[in-house]
Amino acid sequence: MTHLHPPVHATATALSDCPALARRAGVGRVLVKVESGRPFGNFKILGGMTAALSALARITGTPVAQLRMRHDLPRLICASDGNHGLAVAAAAHIAGAPATIYLHHGVPRSRADRILALGASVYWIAGTYDHAVDAAAEAARVDGVLVPDTSSDVNDPILRDVLSGYATLTAEINTQLATNGMIVSHQFIQAGVGGLAAAMAQGLPVAKLAIVEPEQAACVAPALAAGHVVRIEGSLHTCAEMLACGEASAPALAILQRHDPLPVLVSESGLLEAAGIMHHETDIHTTPSGSAGLAGLLHVACRGDLRELAGLHRSSTVLLVATEAHPEAFIRNLDSELNAARNFAAGFFPEMRPLDNTLPA
């Protein structure tokens, strides 16, 4: 298995101190890690792109920097709500490999268009994200390499590489906290299949973890309660589109079970309100998915019993992650994004030479 060693880049995304959010929540400080600064405007590039490149190198016995010299690279395949597929498509473009991304019909066409612009194919699946996961796995058994962001196999090597890529986030946060003499007491982290929450639990183990999910698409909380992965049926329709998942990732669940997280379920109105609050009070323009951690914090903060259960108090320092840019706020061009993605990958694979024309700040 390839072990990625996440670097702390000079271009680490911002960790913003947001006093307006702290006042709303009645806590000492709220810090927001702003992932809109990543290539393609979201955190998924950390895991999907790096794990896909690593898988191609491992399977072919070829260094990442030399993958484009080959003409027999296998097809990269994954299911996605949009962002993971974009990261895998970016890896395929960098390596010169074909890619097929399985999307369910609830994914907005604008997200599919970004994947198509990278040269990947899109295969539409009726049903939910979980049906797309099933279809992608079946396709990869016939022809291709599956690059999942969820798995029923706790030892899935590619999924472990995805989670290792996410560790870049916590490496950056820990450096930023230490530089500013800060200690985080709580973290409210959104969960689709649980991968980001698991990475945050491992990387910031001293901070009490609350896992935030939409009421209408919560799969991690039921899995934690049952002690094993369960599939939630139904439409899973939620305004937090990137969190519309009906089955937790087994590797992520195994990690989360060791950290005793607090499950927090939030309403659709709470999710929408949090996105507006984050935009208007902090100028962080994200989606209901990206601001779901804030929705969870505000849900807990305004209820005395939940505040006590979470251990929130006036001096608490709370960490949130704004996981993606709002589409209306993301205007960087494709060439700049690919350039930035390749430079980012060079931090994981030193044999790649960074390009000179990096993405402007």
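Basis of the calculations
One numbering rule holds for all chains: residues counted from 1, following each sequence as written. Under the rules for a predicted model, residues below a pLDDT of 70 receive no local features and side-chain atom pairs below 80 are neither given nor counted, while totals for whole chains, interfaces and linings still include all residues. The basis for the side-chain values is all heavy atoms of the structure; hydrogens and waters are excluded. Each helix corresponds to a stretch of at least 4 residues labelled H or I by DSSP, and each strand to a stretch of at least 2 residues labelled E; elements are numbered beginning at the N terminus. Each radius of gyration reported is based on C-alpha atoms, and the globular scaling rule is 2.2 Å times the count of residues to the power 0.38. In this description, contact between two residues means that some pair of their heavy atoms is separated by no more than 4.5 Å. Every accessible area reported is derived by Shrake-Rupley at a probe size of 1.4 Å, with residue values counting cover from the shown protein chains alone. Only four residue types enter the charge count: Lys and Arg as positive, Asp and Glu as negative, with His and the chain ends excluded. To locate a charge, the coordinates of NZ of Lys, CZ of Arg, CG of Asp or CD of Glu are taken. The criterion for strand pairing is that DSSP finds at least two bridges linking the strands in question. Geometry is summarised by axes, namely lines fitted to C-alpha atoms with helices restricted to the contacting stretch, and by angles between N-to-C directions that run from 0 to 180 degrees. Put simply, the grid is 1 Å and covers the protein atoms alone, a cavity is a trapped set of points that fit a 1.4 Å probe, a pocket is an open set with protein on both sides within 12 Å along at least five of seven lines, and lining residues have an atom within 4 Å of a point. Grid points are joined across faces, edges and corners, and a volume is the space filled by probe spheres set on the points. Under the scheme applied, nonpolar residues are Ala, Val, Leu, Ile, Met, Phe, Trp, Tyr, Cys and Pro; charged residues are Asp, Glu, Lys and Arg; polar residues are all the others, including Gly. Throughout, the term roughly parallel applies to angles under 35 degrees, roughly antiparallel to angles over 145, roughly perpendicular to angles from 65 to 115, and oblique to all others. By the definition used in this description, the sense in which the near helix is turned from the far one sets the handedness, with an anticlockwise turn below a right angle giving left-handed and a clockwise turn giving right-handed. Put simply, a salt bridge is a Lys or Arg side-chain nitrogen that is within 4 Å of an Asp or Glu carboxyl oxygen. For each residue, the accessible area found with a 1.4 Å probe, counting protein chains only, is set against the maximum for its type, and the residue is called buried under 20%, exposed over 50%, and partly exposed in between. We define the nonpolar core as a collection of buried residues of types Ala, Val, Leu, Ile, Met, Phe, Trp, Tyr and Cys that are connected through side-chain atoms lying within 4.5 Å of one another.

A. Expanded view of the overall build of the chain. In terms of regular secondary structure, the chain is built from 13 helices and 10 strands. For the chain, whose C-alpha radius of gyration is 19 Å, the value lies close to the compact-globule estimate of 21 Å for 361 residues. Considered along the principal axes of its C-alpha atoms, the chain spans approximately 60 × 45 × 35 Å. Residue pairs at least 24 apart in sequence account for 68% of intrachain contacts in the chain once pairs closer than 6 positions are excluded. As displayed, the chain offers around 14,300 Å² of accessible surface, 52% of which is attributable to carbon and sulfur atoms. Each charge class in the chain was averaged separately, 24 positive and 32 negative side chains, and the resulting centres sit 5 Å apart.

B. Spatial organisation of the sheet that holds strand β8 (residues 208-214). Read from one edge to the other, the open sheet built from six strands follows the order β1-β2-β10-β7-β8-β9, with strand pairing classed as mixed. Each edge of the open sheet carries a strand with a single partner, namely β1 (15-17) and β9 (262-266). Here the strands of the sheet are splayed against their neighbours by 25° on average, with no regard to which way each runs. Both β8 and β9 contribute to a ladder of five bridges, which runs parallel. The residue of β9 that forms the bridge with A210 is L262. Packed on one face of the sheet, helix α11 (residues 292-301) meets β2 (29-34), β7 (186-190), β8, β9 and β10 (317-322) and runs near 100° to β9.

C. Molecular detail of the layout of surface pockets. Its volume calculated, the second largest pocket comes out at about 390 Å³. Forming the walls of the second largest pocket are 21 residues, and the residues nearest its centre are V133, L146, T150, S151 and S152. For the lining of the second largest pocket, the secondary structure elements donating two or more residues are β3 (76-80), α5 (129-142) and α6 (157-179). With six residues, α5 is the single largest residue contributor to the lining of the second largest pocket. Among the residues forming the lining of the second largest pocket, the class breakdown is 11 nonpolar, three polar and seven charged.

D. Broad picture of the sheet that holds strand β5 (residues 121-125). The parallel open sheet is built from four strands, whose spatial order is β5-β4-β3-β6. In this open sheet, the two strands that pair with only one neighbour each are β5 and β6 (145-146). Bridge analysis of β3 against β6 gives two bridges, and the strand direction is parallel. Along β6, the bridge assignment pairs L76 with V145.

E. Representation of the packing of helix α2 (residues 48-60) against helix α3 (residues 83-95) within the structure. Two elements in contact, α2 and α3, have axes separated by 7 Å at closest approach and are oriented at 40°. In terms of orientation, α2 lies oblique with respect to α3. α2 and α3 meet at a crossing whose hand is right-handed. The residues of α3 that touch α2, namely those facing G48, M49, A52, L53 and L56, are H84, A87, V88, A91, I94 and A95.

F. Representation of the pattern of salt bridges within the structure. Per the stated rule, a full pass over the model turns up 14 salt bridges. A salt bridge links R29 to D17, with the shortest nitrogen-to-oxygen separation between them at 3.0 Å. Taken as a pair, R29 in strand β2 and D17 in strand β1 lie far apart in primary sequence, 12 residues in all. Residue R29 is classed as partly exposed on the basis of its relative accessible area of 32%. Between E324 and R111 there is a salt bridge, with its nearest N and O atoms 3.2 Å apart. Of this pair, E324 sits in the loop between β10 and α13 (334-348) while R111 is found in helix α4 (residues 109-117), placing the two residues 213 residues apart along the sequence.

G. Just the packing of α2 against α13, in detail. With their axes 10 Å apart at the nearest point, α2 and α13 run at an angle of 65° to one another. Considering the relative orientation of α2 and α13, their crossing is right-handed. Residue-level contacts link M49, T50 and L53 of α2 to A341, F344, A345 and F348 of α13. Per-class residue counts for the contact of α2 with α13 are six nonpolar, one polar and no charged.

H. Geometry of the nonpolar core. In this structure, M49, L53, L76 and M200 are the most contacted members of the largest nonpolar core, which totals 90 residues. Looking at which element gives the most residues to this core, the answer is α3, with nine residues. Residues within four places of M49 in sequence aside, it is in contact with K44, A87, A91, I94, A341, F344 and A345. Core analysis: the second largest hydrophobic core is formed by 33 residues, V30, L262, I284 and V318 among them.

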